[in-house]
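If you want the building blocks of each chain, they are given just below.
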Amino acid sequence: MIPVYEHGSTVGRVVSAIRALGLDCLLVDDGSGADCTRALDALAASDPAVQVLRLPVNQGKGAAVQAGLLAADGGGYRHALQIDADGQHALADIPRFLAECRSHPEAVICGRPIFGHGTPSSRLYWRHLTRFWVWVNTLSFDIHDAMCGFRIYPLRPVTALLRQDHLGRRMDFDIEILVRLHWSGLPMRWLDTLISYPPGGTSHFRLWLDNVLITRVHTVLFFGMLGRSPRLLARKLARSGS
């Protein structure tokens, strides 16, 4: 499942890697323009295992991912691999993620990013800040990175959460869903994976808007953690004593 917004020039390589592994592919078009729309339609027309789910207007990465997860669940799938369309994720690592999912089908398989040269320092700063607040809001160090969008979700518990709660619609989604899944006790497995930022790559992270939304979600999660803190601490103590 690939959320796409104006990545017509890069998404084809991602689709090729996924199809080479025999996986069906759902492209969630988050209100892209005509050029990207034509590229996605061409990919779907050339391969019946590639489908396009089109959102009428741009709503944000989180909205696209949620639409894709719900569509996959409605289509009878049990798991969904989420990966970005811009080529920043290491496509060669997909088989490792699939193998880990087969060994631990009940868990979310999460990418733990290793950053290559050329990573913008601003991205690292916000990642460190988010990591701190995620640790606070889970009362644990269990979530190693809440912003990497290279994951495999078990669909039943994830879509149940999506139908129950209104989660963030933009870049805040990746953070919020992991914290809320951690609160529910869903296990998580972590795999190191290289993240690269190709020269000339397009980022749709809106500095002020997305940072405001991320700050907001950390605040909401903090107050949510307070009410859950006795249960979270009891679970932590039980794990440490086992």
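Refer to the structure printed above.
Rules used in this analysis
- Residues numbered from 1 in each chain as written.
- Predicted model: local features only at pLDDT ≥ 70, side-chain atom pairs only at ≥ 80, totals over all residues.
- Heavy atoms only, no water.
- Phe/Tyr/Trp six-rings, centres within 6.5 Å; stacked < 30°, edge-to-face > 60°.
- Buried < 20%, exposed > 50% of the residue type's maximum accessible area, 1.4 Å probe, protein only.
- Helix = DSSP H or I, 4+ residues; strand = E, 2+ residues; numbered from the N terminus.
- Arc of directions from axis to C-beta.
- Contact = heavy atoms within 4.5 Å.
- Polar contact = N/O pair within 3.5 Å; in protein donor to acceptor, adjacent residues only side chain to side chain.
- Pairing = 2+ DSSP bridges.
- Axes fitted to C-alpha atoms, helices over the stretch in contact; angles between N-to-C directions.

Caption draft 1: Examining the packing of aromatic side chains more closely. Taken as a whole and assessed by the stated rule, the structure comprises 5 aromatic pairs. Ring centres 5.2 Å apart and planes at 75 degrees place the aromatic pair Phe-132 and Trp-133 in the edge-to-face group. You can call Phe-132 partly exposed: its relative accessible area is 43%. Classification of Trp-133 as partly exposed rests on a relative accessible area of 31%. Measuring from ring centre to ring centre gives 6.3 Å for Trp-133 and Phe-222, while their planes differ by 85 degrees; the resulting arrangement is edge-to-face. Of the two residues, Trp-133 sits in helix H5 (residues 121–138) while Phe-222 sits in helix H8 (residues 207–241), which places them 89 residues apart along the sequence. Note on Phe-222: relative accessible area 27%, which makes it partly exposed. Members of the aromatic cluster, each reached through a chain of ring pairs, are Phe-132, Trp-133, Phe-222 and Phe-223.

Caption draft 2: Geometry of helix H1 (residues 11–20). Turning to H1, its buried residues are Val-11, Val-14, Val-15, Ala-17 and Ile-18. On an axial view of H1, the arc spanned by its buried residues comes to 160 degrees, and they lie on one face. The outward face of H1, more than 90 degrees from its buried face, is lined by the exposed residues Arg-13 and Ala-20. Residues of H1 that are buried make contact with strand E1 (2–4), strand E2 (25–30), helix H2 (34–46), strand E3 (50–55) and helix H4 (94–103).

Caption draft 3: Spatial organisation of the side chain of Gln-82. Looking at the secondary structure, you find Gln-82 in strand E4 (residues 79–82). Engagement of the side chain of Gln-82 in a polar contact is seen with the side chain of Tyr-153, the distance being 3.4 Å. Those residues in contact with Gln-82, other than ones at most four positions away along the chain, are Met-1, Lys-61, Val-65, Gly-149, Phe-150, Arg-151, Tyr-153 and Asp-174.

Caption draft 4: Main features of the side chain of Thr-193. Along the chain, the position of Thr-193 falls in strand E7 (residues 188–195). Sequence-distant contacts of Thr-193, defined by excluding residues within four places in its chain, comprise Ala-90, Asp-93, Arg-96, Phe-97, Gly-111, Arg-112, Pro-113, Ile-114 and Phe-150.

Caption draft 5: Expanded view of the sheet that holds E2. Here 3 strands make up an open sheet; going across it, the order is E1-E2-E3 and the pairing parallel. The open sheet terminates on both sides in strands that have one partner only, identified here as E1 and E3. Looking at each pair of strands side by side, their axes are set apart by 25 degrees on average, direction ignored. Relative to E2, E1 runs parallel, the two being bridged by 3 bridges. Looking across to E2, one finds that Ile-2 is bridged to Leu-27. Contacts from H2 reach E1, E2 and E3, with the element oriented near 150 degrees to E3.

Caption draft 6: Expanded view of the environment of Leu-53. Residue placement: Leu-53 occurs in strand E3. You can call Leu-53 partly exposed: its relative accessible area is 26%. Each C-alpha atom, one on Leu-53 and one on Asp-29, is 6.1 Å from the other, the two residues being 24 residues apart in sequence. If we ignore the near neighbours within four places in the chain, the residues touching Leu-53 are Leu-26, Leu-27, Val-28, Asp-29, Ala-67, Gly-68 and Ala-71.

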